[in-house]
Amino acid sequence: GGTHLEWHLKNGPAMSLLQAGGWDYVILQEFSTLGGEIGKPEVGDPEPFYASVRQWVPKIRAAGAKPILLMTWARRGAKESEATKLFGAYGHIASELDVKVAPAGLAWAEAHRRLRTLDLHIYDASHPTEAGSYLTALVIYTTLTGRDPRGAPAAIFGHPVDTDGTAAAPDTTLTVPLVELGPATAAELQRVAWDTVSRQTEPGHLAH
């Protein structure tokens, strides 16, 4: 967590897991401010991001999987110009490499316009609340399947993750609500996700 795609090219388990095969999709998510300073809302130079994606995409395709770019959201307090720079960086490299984008960032921006009192960021102004996680999951689901998420459940149940700071693993002995939203809020987020992903299939928008 909290690192760049460039780091994962040379460190950690990501590359060995990819090369082991068996993947249908591999989703790439860059640090939320690209090359920007940690803890600041400003978006940095996108060139290292582009360089990393240019290395990742052929490796993913060689492993028999389809790459997907998960467009992250702007941090709370970021100027509109910073969000535009972030979203544009994903659109640029997606167009260059013919990679589909899961436009979570655009969906977040649309949700902020429609649901002004709903907070998608937690206290650190970066990571998602339950509503933010739910919206992002809806965008990924719709991007991968092409299916309309409207009518999805407002509560998602699963196994909790217990972390001691060094490792995290699901506790399969328990089932708990991971996300539990009001039906009206969930329905609006479903509409936002569907509208945002659907627009990408129109000429002039991000994905192909």
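Details of the structure are given in the entry above.
This report concerns the structure included in the present document. (Residues numbered from 1 in each chain as written. Predicted model: local features only at pLDDT ≥ 70, side-chain atom pairs only at ≥ 80, totals over all residues. Heavy atoms only, no water.)

1. Quick look at helix α7 (residues 183-199)
Consideration 1: Taking 1.5 Å as the rise per residue, α7 with 17 residues should run 24 Å; its terminal C-alpha atoms sit 24 Å apart, in good agreement.
Consideration 2: On its buried face, α7 sits against α5 (104-114) and α6 (130-145). (Helix = DSSP H or I, 4+ residues; strand = E, 2+ residues; numbered from the N terminus. Expected span 1.5 Å × (residues − 1). Contact = heavy atoms within 4.5 Å.)

2. A few points about unusual backbone geometry
Consideration 1: The backbone phi angle of Asp98 is positive, close to 55°, even though this residue is not glycine.
Consideration 2: With respect to the element layout, Asp98 can be found in the loop between α4 (80-97) and β3 (100-102).
Consideration 3: A positive phi angle is found at Ala125, which is not glycine, with a value near 70°.
Consideration 4: Residue placement: Ala125 occurs in the loop between α5 and α6.

3. Here we look at the sheet that holds strand β1 (residues 25-28)
Consideration 1: Strands sit in the order β1-β2-β3 across an open sheet of three strands; the sheet is parallel. If you trace the sheet from one side to the other, it starts and ends with β1 and β3, each paired once. Going from strand to strand, the sheet's axes swing by 35° on average, the running direction of each strand aside.
Consideration 2: Where β1 meets strand β2 (residues 66-70), four bridges bridge the pair, whose relative direction is parallel. By the bridge assignment, Leu28 is partnered in β2 with Leu69.
Consideration 3: Seen against the sheet, α4 touches β2 and β3 and runs at an angle of roughly 165° to β2. (Pairing = 2+ DSSP bridges. Axes fitted to C-alpha atoms, helices over the stretch in contact; angles between N-to-C directions.)

4. Re the nonpolar core
Consideration 1: Counting 28 residues, the largest nonpolar core has Phe49, Val53, Trp56 and Leu69 as its most contacted members.
Consideration 2: Of all the secondary structure elements, the ones that give two or more residues to this core are α1 (5-10), α2 (14-20), β1, α3 (47-62) and α4.
Consideration 3: No other element matches α4, which puts eight residues into this core. (Core = buried A, V, L, I, M, F, W, Y, C linked by side-chain atoms within 4.5 Å. Buried < 20%, exposed > 50% of the residue type's maximum accessible area, 1.4 Å probe, protein only.)

5. What to know about α6
Residue pairs three or four apart in sequence face the same way in an α-helix, which turns once every 3.6 residues.
Consideration 1: In this model, α6 (16 residues) spans 22 Å end to end at C-alpha, consistent with the 22 Å of a helix rising 1.5 Å per residue.
Consideration 2: Of the residues making up α6, those classed as buried are Ala131, Gly132, Tyr134, Leu135, Thr136, Leu138, Val139, Thr142 and Thr143.
Consideration 3: Buried positions along α6 lie against β2, β3, α5, β4 (155-158), β7 (176-180) and α7.
Consideration 4: Just downstream of α6, Gly146 is the residue with a positive phi angle, here 75°.

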